[in-house]
Amino acid sequence: MVNRLKYVMSFLIGSEQSSFVPGRQIMDNIVIYQEVFHSMNKAKGVKGYMALKIDLEKAYDRLNWDFLELVLSNTGFSDAWINNIMKGGPTVSHLMFADHMVLFTEATVEQMGCILKILNDFSLVSGQRINFSKFCIFFSPKITSYLAESLVNMAGMARTDSLGSHLGMPSFHRRMGPTSFREVIDKMKHRLSGWKAFMLSKAGRVIMISSVLNAIPMFLMQTTVLPKYAVGRASWDMKMKNGASMNWRAVCFGLELLRKGISHNVVSGNEILFWTDSWLSIGPLIEFTLVPASHLSLLDKIRNYWIEGVGWNWDVLREVLPQNILSFLQLLTLSNSVEDADGVIWSRNSSRAAFAKSE
């Protein structure tokens, strides 16, 4: 039954829940979580927003079976399926992972009232119970202190400036600083200073250090670029806007690493820009032109400077490029078939040119 259910789970369970559903990743939840907080802090206007962190108390030990049967019936399961299993308000943006929830909404008395009613109704019909010891609320910068205090008193929950870690990742509510990754660093120090470490040989300690330093930050680095003092500044061909989110900076950092390891594979020359793409070992040809860039057609592809049956259009190229640069082109021959696709290849040797296919 489990194997058959997994093919329809994604249709039955909302996209906000990222656990127990094949094909959904915990990283999807984390990325959206961080992006919402980034948007909350950058939101313009007079409205304030809030995020409520909720945890179900003993979620796997408490379940109303009548509620489960009703859910299965309304979902469209057959009576046979239901029997086998039984044997054995307003739109609120939310994220779920197993028994953990985070709700995002506008910070108003009306919205708080709706949320509390939904949670109360859910507890009554499902048999689940909210763990109020872990119930806390975070407000965006635009909210007034009077409204924040009113909402906290109304819900009877604790206000916090940080929701702590989310699925093992730090919550970045503000600009990152040296203390943002303190929890990760402390965890690494704890692992390295354990009593077992002192019982290992020097070789064993080296292996343990390597294992800890590689494993613990790896989960974090899947969505977050570490601070400048750890890995250096992230960059890409385009300029990032001031205040770019943590996730976007991480993406740009990954693209920069990718850019350093790939080179163009010139075949027909129909897809690679002649002037601005780096398809030769010397870099983009626009850096060596004899004329101003404004006199060039920067959208020209490589094949625009190739004459079928003849070769490179040397008459045109000699007017815009010096002879020492033209010598690099003499090594390259384009495919006779314009349908052959250009591409990219992985190369750790950045000093070699990307050669076209010889005829």
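Here the structure is shown first, and the text comes after it.
Let us look at the structure shown here. As the structure is a prediction and not an experimental result, all values here were calculated from the model. (Residues numbered from 1 in each chain as written. Predicted model: local features only at pLDDT ≥ 70, side-chain atom pairs only at ≥ 80, totals over all residues. Heavy atoms only, no water.)

Let us now look at the overall build of the chain. When helices and strands are tallied, the chain shows 13 helices and twelve strands. Buried residues in the chain amount to 36% of all 359 residues. When the accessible surface of the chain is summed, it comes to about 21,900 Å², and 57% of that surface belongs to carbon and sulfur atoms. (Helix = DSSP H or I, 4+ residues; strand = E, 2+ residues; numbered from the N terminus. Buried < 20%, exposed > 50% of the residue type's maximum accessible area, 1.4 Å probe, protein only. Areas by Shrake-Rupley, 256 points an atom, 1.4 Å probe, with all protein chains shown as cover.)

Moving on: the packing of aromatic side chains. With the rule as written, the count across this model stands at twelve aromatic pairs. When the centroid spacing of 6.4 Å and the interplanar angle of 65° are considered together, the rings of Tyr33 and Phe104 count as edge-to-face. Of the residues examined, Tyr33 reaches a relative accessible area of 1% and is grouped as buried. On the accessibility criterion, Phe104 (7% relative accessible area) is buried. Put simply, the rings of Phe274, Trp275, Trp279, Tyr305, Trp306 and Trp312 touch in pairs and so form one group of aromatic residues. (Phe/Tyr/Trp six-rings, centres within 6.5 Å; stacked < 30°, edge-to-face > 60°.)

Along the chain, Ser10 falls in helix H2 (residues 9-12). Remark: the alpha-carbon pair of Ser10 and Gly23, spanning 13 residues in sequence, is separated by 8.3 Å. Dropping the residues within four chain positions of it, Ser10 is found in contact with Val21 and Arg24. (Contact = heavy atoms within 4.5 Å.)

What follows covers the environment of Pro22. Tracing the chain through its elements places Pro22 in the loop between H2 and helix H3 (26-42). Judged by its relative accessible area of 48%, Pro22 is partly exposed. Separated by twelve residues in the primary sequence, Pro22 and Ser10 place their C-alpha atoms 7.5 Å from one another.

Here the focus is the side chain of Asp55. Locating Asp55 in the fold gives a position in strand S1 (residues 49-57). Relative accessible area serves as the criterion here: at 6%, Asp55 is assigned to the buried category. Residues within four places of Asp55 in sequence aside, it is in contact with Asp99, His100, Ile130, Asn131 and Lys134.

On to the environment of Val267, then. By secondary structure assignment, the location of Val267 is in the loop between strand S9 (262-265) and strand S10 (306-307). A residue is classified by how much of its surface remains accessible, and Val267, at 10% relative accessible area, is buried. With 68 residues separating them in the primary sequence, Val267 and Ser335 have C-alpha atoms 5.6 Å apart.

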